[in-house]
Amino acid sequence: MKAPVLSAWFGRGAVAAPPDIASAALRSDRFRLEREGDWRRLESIVARMERGGLKRIADDDLLALPALYRTAASSLSVARETSLDAATLAYLEGLVQRAWFQVYGPPKGFAAWLRDFVLGGWSRAVRAIWLDICITLFVMVAGAIVGWLLVARDEAWYYRLVPGGLADTRVPGASREELLATLATEESAVGLSTFAANLFSNNSAVCILAFALGFAFGIPSLLLMVHNMAMLGAILWLFSGQGLTLELSAWLSVHGTTEIFGILLSGAAGLHIGRSMAFPGTRPVLVAAAEAGQRGAVVMVGVVIMMIVAALLEAFPRQLVDGTGSRFLIGGMMLAFWLAYFFLYRPRRAGPEQA
Amino acid sequence: MSAAALPANKRRRMMVTPEGLALPITIASRGSRAGALIIDVIIIIAGLIAFNLLVRWIAGGLLDGTVLDVEAAPRGAQEFLQILLVIAGFVTWYGYFLVQELGPRGATFGKRLVGIRIAARSGGRLAAEAVIARNLLRDIELFYPLVFILAMLIGATMGEDLGTLAWAATAWFALFLLLPFFNREALRAGDIIAGTWVVETPRTRLAKTLSTQGAAAASGASDVTGMRYAFGEAELSVYGEKELQTLERMLRESSPEALATVHAAICRKIGWDPGAGDERAFLEAFYGQLRAKLEGEMRFGKRKADKFS
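Residues numbered from 1 in each chain as written. Chains lettered and ligands numbered in written order. Predicted model: local features only at pLDDT ≥ 70, side-chain atom pairs only at ≥ 80, totals over all residues.

A short note on the overall build of chain B
Next, step 1: For chain B, the helix and strand inventory stands at ten helices and four strands.
Next, step 2: Secondary structure elements in chain B, listed N-terminal to C-terminal, are β-β-α-α-α-β-α-α-α-β-α-α-α-α.
Next, step 3: For chain B, buried positions account for 30% of its 309 residues.
Next, step 4: Of the contacts formed within chain B by residues at least 6 apart in sequence, a portion of 66% connects residues at least 24 apart. (Helix = DSSP H or I, 4+ residues; strand = E, 2+ residues; numbered from the N terminus. Buried ≥ 20, exposed ≤ 12 C-beta atoms within 10 Å, placed from the backbone. Contact = placed C-beta atoms within 7 Å.)

Concerning the overall build of chain A
Next, step 1: A count of helices and strands for chain A gives 14 helices and zero strands.
Next, step 2: The linear arrangement of helices and strands in chain A, starting from the amino end, is α-α-α-α-α-α-α-α-α-α-α-α-α-α.
Next, step 3: Here chain A, with 355 residues, has 41% of them falling under the buried criterion.
Next, step 4: Taking all contacts inside chain A whose residues are at least 6 apart in sequence as the whole, residues at least 24 apart take part in 78%.

Details of the nonpolar core
Next, step 1: In terms of nonpolar packing, the biggest core is built from 121 residues, with A:A72 and B:I193 touching the most fellow members.
Next, step 2: Examining the composition of this core, we find that 16 residues originate from one element, helix α12 (residues 285-315) of chain A, more than from any other.
Next, step 3: Excluding anything up to four places from it in sequence, A:A72 contacts A:W39, A:L42, A:L92, A:L95, A:V96 and A:A99.
Next, step 4: Of all hydrophobic cores here, the second largest spans 16 residues; its members include B:Y229, B:F282, B:L283 and B:A285. (Core = buried A, V, L, I, M, F, W, Y, C linked by C-beta atoms within 7 Å.)

Re unusual backbone geometry
Next, step 1: The backbone of B:A186 sits at a positive phi, close to 55°, despite the residue not being glycine.
Next, step 2: In this structure, B:A186 sits in the loop between α5 (163-177) and α6 (189-194).

Remarks on the environment of A:L68
Residue and element names in this part refer to chain A.
Next, step 1: Along the chain, L68 falls in helix α3 (residues 59-82).
Next, step 2: Among the residues examined, L68 registers 21 C-beta atoms within 10 Å and is labelled buried.
Next, step 3: Discounting residues that sit within four places of it in the chain, L68 has contacts with D38, R41 and L42.

What about the packing of helix α10 (residues 219-241) of chain A against helix α11 (residues 245-278) of chain A?
Residues and elements named next belong to chain A.
Next, step 1: In the contact formed by α10 and α11, the axes pass within 9 Å of each other and the chain directions differ by 170°. Relative to α11, the element α10 is oriented roughly antiparallel. In this structure, α10 contributes I219, S221, L222, L224, M225, N228, L236, F239 and S240 to the contact, and α11 contributes T245, L248, I263, G267, G270, L271 and G274.
Next, step 2: Grouping the constituent residues of the contact of α10 with α11 by class yields nine nonpolar, seven polar and no charged. (Axes fitted to C-alpha atoms, helices over the stretch in contact; angles between N-to-C directions. Parallel < 35°, antiparallel > 145°, perpendicular 65-115°, else oblique. Nonpolar A, V, L, I, M, F, W, Y, C, P; charged D, E, K, R; others polar.)

Remarks on α3(A)
Residues and elements named next belong to chain A.
Next, step 1: Between the first and last C-alpha of α3 there are 34 Å, a value that for 24 residues agrees with the 34 Å anticipated at 1.5 Å per step.
Next, step 2: Along α3, the helix axis deviates most sharply at L65, where the bend reaches about 40°; the proline P66 sits within four residues downstream.
Next, step 3: Within α3, the full set of buried residues consists of L68, Y69, A72, A73, S75, L76 and A79.
Next, step 4: Contact partners of the buried residues in α3: α2 (27-52) and α4 (86-103). (Expected span 1.5 Å × (residues − 1). Bend = angle between axes of the 7 residues up to and from the residue.)

Some thoughts on the pairing of strand β3 (residues 116-120) of chain B
Next, step 1: Burial of β3(B) is extensive: five of the five residues sit out of reach of the surface.
Next, step 2: Of the two faces of β3(B), the one carrying B:I116, B:I118 and B:A120 and the one carrying B:R117 and B:A119 are both buried.

As for helix α8 (residues 241-253) of chain B
Residues separated by three or four positions in an α-helix point in the same direction, a consequence of the helix having 3.6 residues per turn.
Residues and elements named next belong to chain B.
Next, step 1: Here α8 is 13 residues long and its end C-alpha atoms lie 18 Å apart, about the 18 Å a rise of 1.5 Å per residue gives.
Next, step 2: Inspection of α8 places E241, L244, L247, E248 and L251 among the buried residues, and these make up the whole buried set. Viewed end-on, α8 has its buried residues packed into an arc of 120°, placing them on one side of the element. (Arc of directions from axis to C-beta.)

A closer look at the confidence of the model for chain A
Residues and elements named next belong to chain A.
Next, step 1: Looking at chain A as a whole, its pLDDT mean stands at 80, while 83% of the residues score no less than 70.
Next, step 2: Across chain A, element-level confidence peaks in helix α6 (residues 130-153) with a mean pLDDT of 92 and bottoms out in helix α1 (residues 5-10) with 46.
Next, step 3: Throughout residues 1-14 the model reports pLDDT below 50, and contacts reaching past four residues in sequence, or to other chains, amount to seven contacts. (pLDDT = per-residue confidence, 0-100.)

Printed below as a string of C-alpha cells:
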C-alpha cells in the first residue's frame, strides 16, 4: 500500500533522532543505523532539489550529492543481501530512485536548452534528417504536378482540391483582372496582426499534425503533403492559364519560402520517425523510434518558429509590398537565409557531452 | 475494470541504473494517468478562461462584438489584445506541460497530485528532446481523436450518411486513442516516440528500527511481565522470509486485536501454550530471533523463501 498522499505533502516534520547503535540486536539493523544519517541527508537534499531547483542548495550539499547517491545505492545492494527488513529495503529503493531522478534528471532547464537549440542544435537536427527531407521534397513536387495535371484534364477537380469560400474569385473561368486583384495589396495594415496570429496558430497545428502522423510509418504524413501540394498545383494551373504564373509565384514566395519549407521539414520529421520504425536496422524498434522521435522533436520546435516568421511575412509584407521584383526579393532572401542557417551554419558543439 | 485493477506487481519493472543497480519501479496505472491529464486540462482551461476574463475586464468592453466581424476590423489596442489572447492560448497549451515536465520533478501538477512522473525508458538521462517529443504528440493522439469521434457520433445520431472513409478515419483515431491499452507498459504514442514512460513516484518514509525497541532489542524483555522469550532452533525453523516480513508489517501497522490473532496462530504452530496480555512482546521477540536466524543463514548463502521451502 502506498502512503497517503497528504501526509507526504504536509508531514515533513521533525525527524526523530536515531536510537543508539549498540542497542540494536541485529547486525543488519546496526548496518542501517550506521548509515542512516547519510540517507537522511541525501533525502533532504533530494527533497529540496525537487521543490526548488538547484539554486537553493548549498554548494557542499551539491558536491556531496553524487557521493551520497552512490552510498545509498551501495547500501541498497548490501542490504538486499544481508537484511530482511522489508521497510528499510522499500525506503532505500524509493530513496535511490528519487536520487537517481535528480542525478540523472533533465540535464538543463528550458532556457539553457533553447540557447543550445538556436546556436547549432536546430541545424544539426535538420541535417541529420537530410534523406527524409529529400524524399519529402520529391513527394511534394510530385504532388504539385499531380494537382496541375488533374485540373488540366478535368476542371471539376479544382473544386475538390481547393476548398473555396463563397466569395472567392479564384475559380476556373475567372478573368485575368479578377485574379490579379487577389494578388494586390491591402490599403492599410489594419487587422493584419490578428490575421497573422490566427495564421500562426493554424499553420503550426497543421505542421504538428504532419509530424505526429509520421508515427504510422510516415504514410499519412506523405499523404498530407501530397494533398497540400496538389492544391498548390491546381492554383498554379489556374493562374498560369491567364499568364500570371510569375505574379503568383512572387506573391507566394514572400511567405511561402518559409511556410512551405516549414511544412517540408515537419513532413520530413514525421517520415523520419516512420522510416526508422519500419526499418530500424539492428536496433530494437522502440529504441529506433525514440531516437528518431527526439531528433524530430527538435526539428519541430524549429518549425513552430518558422511558422511564426511565415505568419508575420504573410500578414504584413505580402499584403503591403507590391511589385513582383520586391516580392521575389523578400522570398528569396528568406529562402537563402534558411538554407544557409541549416546547411552552412555548423558551429562546433558547445559542451563535451550532448544528450 | 481492466487496466486500473491490475495488481501492482504486474506493473513492476526492473530498471538498471548506469551504476548497474537494478531498481524496481512501478509503471503508473492508466487510471491515474487519465486522472492526472484531466486535472491538468481543467487547470489549463480554467487558467485561460480566467486570463480571458481578466483581459476583458481590464479592456473594459473594448473587445465586445468584434469577433470575426469583417466590417468592424479591430484597431490599435483592441487588435493587440486579440493577438495576446491567441498567443496566450498557444503558449499555455504547450508550455504548461513542457516547462513542468522539464523541471526537477518531471511531472505536471496533475501528475504530482496523483503521484506519478515521467522517466527515460532506457534508465539513462531524461533528455529535453524526449519531453518535447512526447508533448507534441498529445494533440494528435488524444484531442483530435476525441473531437473527431464526438463529431462522428453526433453526426451519426442526427442520421447523416457518413460513408466508409469517415468510419476508417474513426477507427484510425481510435487506434491512437487506445494505444496505451495495447501494450503492457501503457505507453502512448508520444511515449514510444520519445523513449519515455510514466512511473509512480516513490514516497516511502524511513520506518523505525524494530530491533532497538521492545522485546526485540538485544536486552529485550517484556514490559508487562519482565520475562524474556527465547525460542529454540526447531521453533524458529517453522517460518521463512515471507512470513517474517508479514510479521514485520503487522508489528508496524496492526492493532492489538490483529496481533492477538497472529500470536495465537504462531503459538499453535510452534506448539506453545498461548497466554494473553503480552502478545506484542512475544511477537517482537519472535520477530527479532527469527530475523537473526534467517539473516545469519543468509550470510552463508542459505535462504528460506517461505514456510513451505
